[in-house]
Amino acid sequence: MLIVGGGPPRRDGGPHAAVLFSYIAALRGLGWAIEFVASGELARGDDAVAVLKAWDVTCHRAPAVASVEEVLRRRRAAFALVSLAGLPNTRAYAALARLWQPRARLVCGLAVQDRTDAGPLRLVDVTIVPSAADAASLALRAPGAPVHVVPWAPCPEDGSIRGSRRHGIGFIGRPNDPGYADAVSWLTGAIMPAVWQRDPRMSCLMAGFGRSVDGRIRYLASAEEVLAHVCLTVAPIRPGTGPTTLVLDSFAAGVPGVMTPAAAAGLALDDVLRTAVAEDVGAMADLICDLYFQPALHRRHAEAGLALVRGQYSPDAVAAAMAVAVGSATAPAMPRKGTAVARAG
């Protein structure tokens, strides 16, 4: 199969990359041999595709190829499945994929909470979205377009720090996430001051390389490192600033989280986890202190988060949904036709 992406994804590349890597793992588990070509940044060096190559994904890039069209044309009828990442790639390459890969099933992998024009979705056989909320939105914007919900599996837990050694709260966000700057500003300027009015000793860890004038806020190198140290997370994402997938990473690590409705969008939260969703500063500060200082409540939310991940966002659940979306539980054997692109990843 061939994935057409916007650029080589990085492991720390934010929500869209997190979903993509989860999907790659599911497809490999189903037996698909995966090739990747970027519609942009074809000239990036070895470091840009190192993560994909570690997943045994063949990468087509300059100077061996000059365009996505070249890969489709030179590998004519070689792919049983072509996945176009996002609406811009679907708009640009769906017709070409039909021409040069006539036997392929065309899939659009729609970005998390993508709200742009859905017209190009009628050019593909099926559209994959990561949540039921995205599917419902898409049904209104593109009636009749075949849509399958394929969840993503969060990153596995870092078990290096456990139990009583965890302390403080952590901001769930990566510096290259769309809503990072806004969330940091809201957290440090309003939410944490409200928390400190209730308990001035509370510390907060954040990912990035910023410098805080308040010693109770510290920065670590990555969101994963933050998650490995804290016993509670907060996701202060506001509407229109972009999605995050790190809420599920927190749940997978057994760490409860306080989140806004925007951060929780698309997640199948149960009654327990929904009580940790709040919109205003005061309510978020109250929830942070309640979950932090009440062990029984903290444990109940931790167990609910783990149950959610294991039941609906496990690798097995992703693989099962992906098999339905691509139309086969196992990758079909394809005859070897066309000329392999030279110097592919």
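Our subject is the structure listed above.
Student: Just give me the short version of unusual backbone geometry, but keep the residues and values in it.
Tutor: Following A62, the chain continues into P63 via a peptide bond in cis, with omega recorded as 5 degrees. Within the secondary structure, P63 sits in the loop between β3 (58-60) and α3 (68-74). One non-glycine residue, D56, lies in positive phi territory at about 65 degrees. Relative to the helices and strands, D56 is located in the loop between α2 (46-54) and β3.

Student: Tell me about the pairing of strand β2 (residues 35-38), and name the residues and values.
Tutor: Residues E35 and V37 point to one face of β2 and F36 and A38 to the other, with burial holding for every one of them. Of the strand pairs in this sheet, strand β1 (residues 2-5) and β2 are connected by four bridges, and their pairing is parallel. When the sheet's bridge partners are listed, V4 is paired in β2 with V37.

Student: Talk me through the nonpolar core; I want residue IDs and the actual numbers.
Tutor: Counting residues in hydrophobic clusters, the biggest one holds 77 residues, and the most contacted among them are W32, F251, I288 and M322. No other element matches helix α6 (residues 180-198), which puts 10 residues into this core. Not counting residues up to four positions away in its chain, the partners in contact with I288 are I169, I191, V195, M202, L232, V234 and V258. Ranked by size, the runner-up nonpolar core spans 25 residues in total, among them V65, L72, A94 and L138.

Student: Any chance you could break down the sheet that holds β3 for me, citing the residues and the numbers?
Tutor: Across the sheet, which stays open at both edges, the seven strands sit in the order β3-β2-β1-β4-β5-β6-β7 with parallel pairing between neighbours. Here the strands that pair on one side only, and so sit at the sheet edges, are β3 and β7 (147-149). Strand-to-strand, the axes of this sheet are offset by a mean angle of 25 degrees, without reference to chain direction. Pairing between β1 and strand β4 (residues 81-85): three bridges, direction parallel. Across the sheet, residue L2 finds its bridge partner in β4, namely V82.

Student: Explain the pattern of salt bridges residue by residue, including any values.
Tutor: Scanning the entire structure with this criterion turns up nine salt bridges. For D199, the salt bridge goes to R201, with nearest N and O atoms at 2.7 Å. Here R216 and D214 are joined by a salt bridge, their closest N and O atoms 2.8 Å apart. Take R216: its relative accessible area is 27%, and that puts it in the partly exposed class.

Each value, and the rule that gives it
- Residues numbered from 1 in each chain as written.
- Predicted model: local features only at pLDDT ≥ 70, side-chain atom pairs only at ≥ 80, totals over all residues.
- Heavy atoms only, no water.
- Helix = DSSP H or I, 4+ residues; strand = E, 2+ residues; numbered from the N terminus.
- Buried < 20%, exposed > 50% of the residue type's maximum accessible area, 1.4 Å probe, protein only.
- Pairing = 2+ DSSP bridges.
- Core = buried A, V, L, I, M, F, W, Y, C linked by side-chain atoms within 4.5 Å.
- Contact = heavy atoms within 4.5 Å.
- Axes fitted to C-alpha atoms, helices over the stretch in contact; angles between N-to-C directions.
- Salt bridge = Lys/Arg side-chain N within 4 Å of Asp/Glu carboxyl O.

Shape descriptors only; they carry no functional weight alone.
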